[in-house]
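What follows is the residue order along each chain.
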Amino acid sequence: MFALVDCNNFYASCERVFRPELEGRPVVVLSNNDGCIIARSNEAKALGLKMGEPYFQVKELLRQHDVAVCSSNYELYGDMSRRVMWYLGQVAPELEVYSIDEAFLNLSGMTRYLGDLTEYGARVRADVLQRTGIPVCVGMAPTKTLAKLANRVAKANSKVAMSTLAGSGVLCLDTDDKRQEALARVGVEDVWGVGHQYAAKLYAAGYRTAADLAACPLPWARKNLGGVVGMRLVRELQGYPCLSMEPSEDGGQARKSIACTRSFGKPVTEFEDVMGAVATFVSRAAEKLRRQGSAARVLTVFVSTNRYGNEPPPYTRSALVTLPVASDDTLELAAQARHLLGKVWRPGTLYKKAGVMLDGLERAGQQQLGLFEQPAAVSVSGKRAELMGTLDALNRRFGKGTVIIGSASVRKGAGADWAMNREQKSPAYTTSWGELWRINL
């Protein structure tokens, strides 16, 4: 058996944890630079607000209905996610962190110890809420695809109970009758692994629900749904596990590539200002590299103009370099990034976005050497490696950005024009000593 634990309206729920006055009030969270809606509470959904709607277009509607508007606070959301995932890792023998707000639990062979699985799911749900303040729903089933589907139905059932499926936010598809009823409740376009293109093809062929897809002949699925992948999808819906857990040492999946990109708060024209942004992105990406024990062989840097601006034509330019030996060293990667930025730079251009991508990841300490490379070239000197470890330790202890490389600093008197606009950002309640939650007695 697998369980899928999914946080409800995660970003909005994080905002409510430390602002209880928002309970029962519509809440929306905005994207980078307060561009569009990326999270909504149930009350906001009831108003008809859609994901991805530009903030400026619905500003008046939000004001009329007294909707609480929050700028994205990724530091808070990341920390709250770690708290939820840490607890889930304590109540199951195997954990796969699938995204920031959902995780798979492997419950195989645990039934005799856990007892009734519906009661187990209810305990997990209650404990997560008590420990973190984040509401979750739990779906359990013999396959990962069915667990995702069960979670989706559980979320809907927490509002409207069904005839035989409980409406408590927990659903265990442990019988064929429950599986069939759940499959009939979910449209084929909402099945995990079915995108817009395949959904259109399935509708054209007469498949409307997940139950229809589960009854699909395997040869047809193989021919029309991506070969073996389509067959596995159908078999998973039929209750035969084809997908296994994919854990890493920290309970999450090791990334195969790492990217850090941001739109700027204001257009930027000076090279050193854009380089400050690029160096900051390199620093964050390199920190993620070291956290998962990887090193990158390929570095890409790109810059973009404003695609909605008045100065045509909008464009994106990029450059990449393949390193002789994969590296996780921030200083080396930042030096390479400066060289790449120089190759794509056009003086006098208004840049609105930049980013870096790290690919060709290898395990740190086991990088592939070139034909004439010496083993000592696999890593920087011991002192350099120790420096990176100290850098990470200081930033973990005192907060992100406490210690930075020089090229990531802001020019004196210039201000960080590339920094995101987050005018309605909540405090970093859990990651900054200066912004801890204050209680007045």
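The structure under discussion appears in the preceding block.
Each chain has its residues counted from 1, running along the sequence as written. In view of the model being predicted, local features appear only for residues whose pLDDT reaches at least 70, and side-chain atom pairs are presented and counted only at 80 or more, with totals across whole chains, interfaces and linings using the full set of residues. Excluding hydrogens and water, the side-chain values take into account all heavy atoms of the structure.

Any chance you could break down the sheet that holds strand β12 (residues 351–363) for me, citing the residues and the numbers?
DSSP bridges decide pairing: two strands pair if at least two such bridges lie between them. Each helix is a run of DSSP H or I of at least 4 residues and each strand a run of E of at least 2, with the numbering of both proceeding from the N terminus. The four strands are arranged β9-β12-β10-β11 in an open sheet whose pairing can be described as antiparallel. A strand with exactly one partner marks an edge of an open sheet, and here the two such strands are β9 (258–268) and β11 (316–327). On average, each strand axis in the sheet is inclined to that of its neighbour by 15°, with strand direction left out of account. The sheet contact formed by β9 and β12 spans seven bridges and is antiparallel. For I258, the partnering residue across the bridge sits in β12 and is L358. Two residues form a contact once any of their heavy atoms are found within 4.5 Å. Here, axes are lines fitted to C-alpha atoms. For helices the fit covers the stretch in contact, and angles between N-to-C directions go from 0 to 180 degrees. Against the sheet, helix α13 (residues 271–291) engages β9, β10 (294–305), β11 and β12, with an angle of about 25° to β12. Those strands touched by helix α14 (residues 330–344) are β10, β11 and β12, and its axis lies near 150° from that of β11.

Which residues make up the side chain of D392, and what values go with them?
Relative to the assigned elements, D392 resides in helix α15 (residues 382–398). Throughout this description, buried means an accessible area under 20% of the type-specific maximum (1.4 Å probe, protein chains only), exposed means over 50%, and partly exposed covers the range between. Take D392: its relative accessible area is 8%, and that puts it in the buried class.

A description of the sheet that holds strand β5 (residues 94–99) should follow, citing residues and the corresponding values.
Overall, mixed pairing links the five strands, which are arranged β5-β6-β1-β7-β8 in an open sheet. Looking along the sheet, the strands with just one partner apiece sit at the ends: β5 and β8 (170–172). Along the sheet, successive strands turn relative to each other by an average axial angle of 15°, direction set aside. Both strand β1 (residues 2–7) and strand β7 (residues 136–141) contribute to a ladder of six bridges, which runs antiparallel. Residue pairing in the sheet places F2 in a bridge with A141 of β7. Sitting on the sheet, helix α6 (residues 117–132) touches β6 (102–106), β7 and β8, and the angle it makes with β7 is about 155°.

Any details on the packing of aromatic side chains? Residues and values, ideally.
Aromatic pairing here means that ring centres of Phe, Tyr or Trp (its six-membered ring) are within 6.5 Å. Orientation follows from the plane angle: under 30 degrees is stacked, over 60 is edge-to-face, and everything else is tilted. Here the structure, examined in full by the defined rule, presents eleven aromatic pairs. Relative to Y77, the ring of Y11 lies with its centre 4.3 Å away and its plane at 15°, an arrangement referred to as stacked. Remark: Y77 occurs in helix α4 (residues 74–90) and Y11 occurs in helix α1 (residues 10–17); sequence separation between them is 66 residues. The interplanar angle of 35° and the centroid separation of 4.9 Å between the aromatic rings of W345 and Y351 together place this pair among those described as tilted. Assigned by exposure class, W345 and Y351 land together as buried. In textbook terms, an aromatic cluster arises when at least three aromatic residues are bridged by ring pairs, as seen for F10, Y11, Y74 and Y77.

Give me the lowdown on the packing of α4 against α6, citing residues and values where you can.
Here α4 crosses α6 at 140°, and the two axes come no closer than 10 Å. Relative to α6, the element α4 lies oblique. As for how α4 packs across α6, the hand of that crossing is right-handed. For the pair formed by α4 and α6, the contact residues are M80, R83, V84, W86, Y87 and L88 on the first element and R123, V124, D127, V128, R131 and T132 on the second. Considered class by class, the residues forming the contact of α4 with α6 number seven nonpolar, one polar and four charged. We call two directions roughly parallel when the angle between them is under 35 degrees, roughly antiparallel when it is over 145, roughly perpendicular when it lies between 65 and 115, and oblique otherwise. By convention, the crossing between two helices is left-handed when the near helix turns anticlockwise from the far helix through less than a right angle, and right-handed when the turn is clockwise. The classification used treats Ala, Val, Leu, Ile, Met, Phe, Trp, Tyr, Cys and Pro as nonpolar, Asp, Glu, Lys and Arg as charged, and all other residues, Gly among them, as polar.

Summarise α13; cite the residues concerned and give the values.
Under the convention used throughout, the expected extent of a helix is 1.5 Å for every residue step, that is, one less than its residue count. Its 21 residues place the ends of α13 30 Å apart at the C-alpha level, agreeing with the 30 Å of an ideal helix rising 1.5 Å per residue. For α13, the tally of buried residues reaches 16 of 21 residues, placing the bulk of the element in the interior. Residue G293 follows α13 closely and has a positive phi angle near 70°.

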